[in-house]
Amino acid sequence: MDRRAAESAYLNRAYLIRLAGREVEYRFVRRRRRTLGITVDADGLKVSAPLRAPWRDIEGFVREKERWILAKLDEWSVAPKPGRLRGVSGERLPLFGEMLELCMRTGPVRREGASLCAPNMGSLVKWLKLAALAAMTPRVAHFAALLSQPTPRVSLSNARTQWGVCTAGGSIRLSWRLVHIEPELADYVVAHETAHLVELNHSRRFWTIVERLYPGWQEARERLELAGAALPIFPRNS
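A quick note: this is a predicted structure, and the numbers were derived from the prediction, not measured. Per chain, residues are indexed from 1 in the order of the written sequence. Only residues with pLDDT of 70 or above have their local features reported here, since the model is predicted, and side-chain atom pairs are shown and tallied only from 80 upward, although totals for entire chains, interfaces and linings are computed over all residues. Only hydrogens and water are removed before side-chain values are computed, so all heavy atoms of the structure are retained for them.

### What about helix α3 (residues 66-77)?
In an α-helix, one full turn covers 3.6 residues, which means residues spaced three or four apart are oriented alike.
Right, on to step 1. Secondary structure follows DSSP: runs of H or I at least 4 residues long count as helices, runs of E at least 2 residues long count as strands, and numbering of each begins at the N terminus. Given the number of residues in a helix, its expected span is that number minus one, multiplied by 1.5 Å. In a regular helix each residue adds 1.5 Å, so 12 residues correspond to 16 Å; α3 covers 16 Å between its end C-alpha atoms and thus fits that length.
Right, on to step 2. Only protein chains enter the accessibility calculation, which uses a 1.4 Å probe. A residue is then buried if its area is under 20% of the maximum for its type, exposed if over 50%, and partly exposed in between. Every buried residue of α3 is listed here: Ile 69, Leu 70, Lys 72, Leu 73 and Trp 76. Down the axis of α3, the buried side of the element spans an arc of 165°, and every buried residue falls inside it.
Right, on to step 3. Only heavy atoms enter the contact rule, under which two residues are in contact if any of them lie within 4.5 Å. Contacts from the buried residues of α3 go to β1 (14-19), β2 (22-31), β3 (37-41), β4 (44-50), α2 (55-64) and α7 (217-229). As used here, the arc belongs to the directions running from the helix axis to the C-beta atoms.

### Comments concerning α7
Right, on to step 1. Counted at 1.5 Å a residue, the expected span for α7 with its 13 residues is 18 Å, and the 18 Å between its end C-alpha atoms agrees.
Right, on to step 2. For α7, every residue scored as buried is listed here: Trp 217, Ala 220, Leu 224, Leu 226 and Gly 228.
Right, on to step 3. Buried positions along α7 lie against α3, α5 (183-195) and α6 (204-213).

### Regarding the state of the cysteines
Right, on to step 1. Our working definition of a disulfide is a cysteine sulfur pair at a distance within 2.5 Å. On inspection of all chains with the given rule, the structure shows 0 disulfides.
Right, on to step 2. Cys 103 provides the cysteine sulfur closest to Cys 117, a residue in no disulfide bond, and the two sulfurs are 3.3 Å apart.

### Observations regarding the pattern of salt bridges
Right, on to step 1. We define a salt bridge as a side-chain nitrogen of Lys or Arg found within 4 Å of a carboxyl oxygen belonging to Asp or Glu. Enumeration according to the criterion identifies 14 salt bridges in this entry.
Right, on to step 2. For Arg 18, the salt bridge identified is with Glu 23, shortest N-O distance 2.8 Å.
Right, on to step 3. Residue classification places Arg 18 among the partly exposed residues on the basis of a relative accessible area of 46%.
Right, on to step 4. Of the charged contacts in the structure, one is a salt bridge between Lys 72 and Glu 75, with a shortest N-O distance of 3.7 Å. With Lys 72 and Glu 75 both in helix α3 and 3 residues apart, the pair spans about one turn of that helix.
Right, on to step 5. Members of the salt-bridge network, linked through shared partners, are Lys 72, Glu 75 and Glu 222.

### Re the sheet that holds β1
Right, on to step 1. Two strands pair under a simple rule: DSSP has to find at least two bridges between them. Pairing is mixed across the open sheet formed by 4 strands, whose spatial order is β1-β2-β4-β3. Single-partner strands in this sheet number two, and they are β1 and β3. The average angle at which neighbouring strand axes cross in this sheet is 35°, direction not considered.
Right, on to step 2. With 6 bridges joining them, β1 and β2 adopt antiparallel strand pairing. Within β2, the position partnered with Ile 17 by the bridge is Val 24.
Right, on to step 3. For helices, the axis comes from a line fit to the C-alpha atoms of the stretch in contact; other axes are also lines fit to C-alpha atoms, and the angle between any two N-to-C directions lies between 0 and 180 degrees. The sheet strands contacting α2 are β1, β2, β3 and β4, and the helix crosses β1 at an angle near 55°.
Right, on to step 4. Along the sheet, α3 makes contact with β1, β2, β3 and β4, crossing β3 at roughly 20°.

Written as structure tokens, this is what we have:
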């Protein structure tokens, strides 16, 4: 069994632990890492541990984080769920954090007050991508200038779970779905990727740069996770 298959087998196995009188299910995996790690997202609790970490240390670590884990699980339990769009009038989708009502009719894509009108979903997606690129490109230039870096090439990706990436060649690729997110949170993604122009890693120095560009990034990252879980799902052929 290769590494990926072994990891998948771990993650497909559910474990239970009792926290503050609640039975909590979690997924567990061992990795080549030095420290224990915990994440809580739309899929629940996940625990990562070094290859040889004793089980008592793992459970002890989880219990130490009991209050945080339960608070996060409660937060995710009431988080908005993604809506699956069919392309009919009356459906709602967010544009830069503001909920708009979809109006399907002939003519160019345009916003009319609290409505977003489009002839079809394909045209709407193209319009949203252009809007994302127009909004994000100057923000990349802004943060690059703060770091005394030349403005990098900016392009879009179709990713749903990866907001952005900075390549070794110094270009930045951002998910067009940032068009749904309020600008304040999208700015965190742009600042994060722009910081990679200086540090192409997640070292302590990298996070120091992020803090300089976007103070309070930790809160923004958590809010972004919740916002990302509620992104609308477009028809497959849009």
